[in-house]
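One-letter residues, chain by chain:
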Amino acid sequence: MTINATVKEAGFRPASRISSIGVSEILKIGARASAMKREGKPVIILGAGEPDFDTPDHVKEAASQAIRRGETKYTALDGTPELKQAIREKFQRENGIAYELDEVTVATGAKQILFNAMAATVDPGNEVIIPTPYWTSYSDIVQICEGKPVLIACDASSGFRLTAEKLEAAITPRTRWVLLNSPSNPSGAAYGAADYRPLLDVLLKHPHVWLLVDDMYEHIVYDDFDFVTPAQLEPRLKERTLTVNGVSKAYAMTGWRIGYAGGPRELIKAMAVVQSQATSCPSSVSQAASVAALTGPQEFLKERRQSFQRRRDLVVAGLNAIEGLDCRVPEGAFYTFSGCKGMLGRVTPVGKRIETDADFCAYLLEDAHVAVVPGTAFGLSPFFRISYATSEGELKEALTRIAAACARLA
Ligand SMILES: Cc1ncc(COP(=O)(O)O)c(C=O)c1O
């Protein structure tokens, strides 16, 4: 037997549950942008999904104190009693939702919360309704759990929001969940009470469908937008709603890896079973830090929100000043999701025709040295996402370069 044949037989073969999941467009662009930077090119990366602020000092101090107190061991499976209590109070204070301690769960990031929820409930072939554009992990997590993502296109004409008609049409006897995210990554669109109402009315008619709402960007909303969440708006749905949140974006704690959720006791218990065999518990030190984040001063959130809003206004105005781009004003998060239909069919200075949003983003990277993410990565084209969680100086420079690159298209 040749060495090659041996290698082939012993070679790596991924499980079918991950075979349809490719490396995300975001990672590919990030890798190309980083390689260009290493070559000395002045690349501006507008792809990051994290605030450019630092974790607040009082949160860091709480973590140091926890280490000094010796809180460095495994904790209770799905959250320390202190953190669960802080989360209960947060839900009551900010959302008017009363959860008991055993209706609250903590995980290693909201991403693990989503994974626990899907792994605990989705059987092969179960359908999960996901409006697009969506945060890429939603459909990948559903697929890893052998469920079937049912993607519903929600374009700019509906404010990137799901409508009651589309939801009703998508529900089948196999539907397990609907996943909603407000404010949204990538569109920044948010659902107010009036936007949610018709959707909740549809769900009331279909008791087998559960609702997962991802409120990760709750604290990053603009122009007096009134943040609401379904379990607060419709108590009759509370018994089949999982309200997901976390400290990553609001408190600039992406690296601490703490996410949490409130939901029905039986679901929370089943999610803990998954977690018990995945990570045993979230990091003890990060949990202590998160208690400080949720119970400590909250005033700085307003300042950070105002800073993001200035940058949103700068980017939206800059993009809409470019002929061929069309950017809706987002209600929240720190992303713009701009239409680039007007750029399709144009030709770059080196004679390449732009056919897709991915082509347009590749051109911006090569020509303007600005890295942005095509809508295709989020399931809706032709659009591109900019993360404006970077300095105003960099954003201005990036907009100038994008405008110049667009002007060079024939
Ligand atoms: C909409 C949304 N939900 C959840 C997450 C994950 O957050 P965490 O850092 O808590 O895993 C992200 C991160 O980008 C996100 O954009």
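This structure is a prediction, so every number in the text was calculated from the model and none was measured.

### Describing the layout of surface pockets
Phase 1: Size it by volume and the largest pocket reaches roughly 920 Å³.
Phase 2: The wall of the largest pocket is formed by 39 residues, among which Ile26, Lys111, Trp135, Thr136 and Ser137 lie closest to the centre.
Phase 3: Mapped onto the lining of the largest pocket, the elements with two or more residues apiece are α3 (25–38), α6 (110–121) and α7 (137–144).
Phase 4: Class assignment of the residues belonging to the lining of the largest pocket gives a composition of 20 nonpolar, 12 polar and 7 charged.
Phase 5: When we break the lining of the largest pocket down by domain, the ones giving at least three residues each are domain 1 (14–53 + 300–407) and domain 2 (71–295).
Phase 6: By volume, the second largest pocket is sized at about 260 Å³.
Phase 7: Around the second largest pocket, the lining is made up of 13 residues, and of these His219, Val221, Asp224, Phe225 and Arg305 lie nearest the centre.

### Re the site of the ligand
Phase 1: Of all residues adjacent to the ligand, which total 13 residues, the nearest are Ala110, Asp214, Ser248, Lys249 and Arg257.
Phase 2: Asparagine 185 has a polar side-chain atom sitting 2.8 Å from an oxygen atom of the ligand.
Phase 3: A distance of 2.7 Å is found between an oxygen atom of the ligand and a side-chain nitrogen or oxygen belonging to serine 248.
Phase 4: Put simply, the ligand lies in the largest pocket.

### Some thoughts on helix α9 (residues 193–204)
Phase 1: Between its first and last C-alpha atoms α9 spans 16 Å; for 12 residues at 1.5 Å apiece the expected length is 16 Å, and the two agree.
Phase 2: In the core, the buried residues of α9 are packed alongside α8 (164–170), β5 (175–181), β6 (210–214) and α10 (230–233).

### Points about the sheet that holds strand β10 (residues 335–339)
Phase 1: The 4 strands are arranged β9-β10-β13-β12 in an open sheet whose pairing can be described as antiparallel. Single-partner strands in this sheet number two, and they are β9 (326–327) and β12 (373–374).

### Brief notes about the domain arrangement of the protein
Phase 1: Domain assignment breaks the protein into domain 1 (14–53 + 300–407) and domain 2 (71–295).
Phase 2: Using only C-alpha atoms to locate each centre, domain 1 and domain 2 end up separated by 26 Å.
Phase 3: Counting residues at the interface gives 32 residues for domain 1 and 35 residues for domain 2.
Phase 4: Taken together, both faces of the contact between domain 1 and domain 2 bury some 2900 Å²; the carbon and sulfur share is 60%.
Phase 5: The partner of aspartate 223 in a salt bridge is arginine 312, and the shortest N-O contact between them spans 2.9 Å.
Phase 6: Taken together, domain 1 and domain 2 are joined by 18 residue pairs in polar contact (both at pLDDT 80 or more).
Phase 7: Among the secondary structure elements, those contributing two or more residues to the side of domain 1 that touches domain 2 are α2 (16–19), α13 (300–320), β10 and β13 (383–387).
Phase 8: Ranked by residue count, the leading element in the side of domain 1 that touches domain 2 is α13, at 7 residues.
Phase 9: Partitioning the side of domain 1 that touches domain 2 into residue classes produces 18 nonpolar, 6 polar and 8 charged.

### Overview of the pairing of strand β4 (residues 148–153)
Phase 1: Here 6 bridges tie strand β3 (residues 127–132) to β4, and the two strands are oriented parallel to one another. If you follow isoleucine 130 over to β4, its bridge partner there is leucine 151.
Phase 2: This β-α-β element, β3 to α7 to β4, shows right-handed connectivity.

### Observations regarding the packing of aromatic side chains
The description of an aromatic ring pair rests on the distance of the ring centres and on the angle between the ring planes.
Phase 1: Scanning the entire structure with this criterion turns up 16 aromatic pairs.
Phase 2: For the ring pair phenylalanine 53 and phenylalanine 308, a centre distance of 5.3 Å and an interplane angle of 80° mean the geometry is edge-to-face. You can see phenylalanine 53 sitting in the loop between β1 (44–45) and α4 (57–68) and its partner phenylalanine 308 sitting in helix α13, a full 255 residues away along the chain.
Phase 3: Here phenylalanine 53 falls in the partly exposed class, since its relative accessible area comes to 25%.
Phase 4: Between phenylalanine 360 and phenylalanine 384, the aromatic rings sit 5.5 Å apart at their centres with planes inclined by 65°, giving edge-to-face as the arrangement. Taken as a pair, phenylalanine 360 in helix α14 (residues 357–368) and phenylalanine 384 in strand β13 lie far apart in primary sequence, 24 residues in all.

So, how was this worked out
Residues numbered from 1 in each chain as written. Predicted model: local features only at pLDDT ≥ 70, side-chain atom pairs only at ≥ 80, totals over all residues. Heavy atoms only, no water. 1 Å grid on protein atoms, 1.4 Å probe; cavity = no way out; pocket = protein on both sides within 12 Å on 5 of 7 lines; lining within 4 Å. Points joined across faces, edges and corners; volume = space filled by probe spheres on them. Helix = DSSP H or I, 4+ residues; strand = E, 2+ residues; numbered from the N terminus. Nonpolar A, V, L, I, M, F, W, Y, C, P; charged D, E, K, R; others polar. Domains from an automatic or database assignment. Near = heavy atom within 4 Å. Polar contact = N/O pair within 3.5 Å; in protein donor to acceptor, adjacent residues only side chain to side chain. Sits in = over half its atoms within 2 Å of the grid points. Expected span 1.5 Å × (residues − 1). Contact = heavy atoms within 4.5 Å. Pairing = 2+ DSSP bridges. Buried area = accessible area lost by both parts, 1.4 Å probe. Salt bridge = Lys/Arg side-chain N within 4 Å of Asp/Glu carboxyl O. Right-handed = clockwise from strand over helix to strand, strands pointing away. Phe/Tyr/Trp six-rings, centres within 6.5 Å; stacked < 30°, edge-to-face > 60°. Buried < 20%, exposed > 50% of the residue type's maximum accessible area, 1.4 Å probe, protein only.

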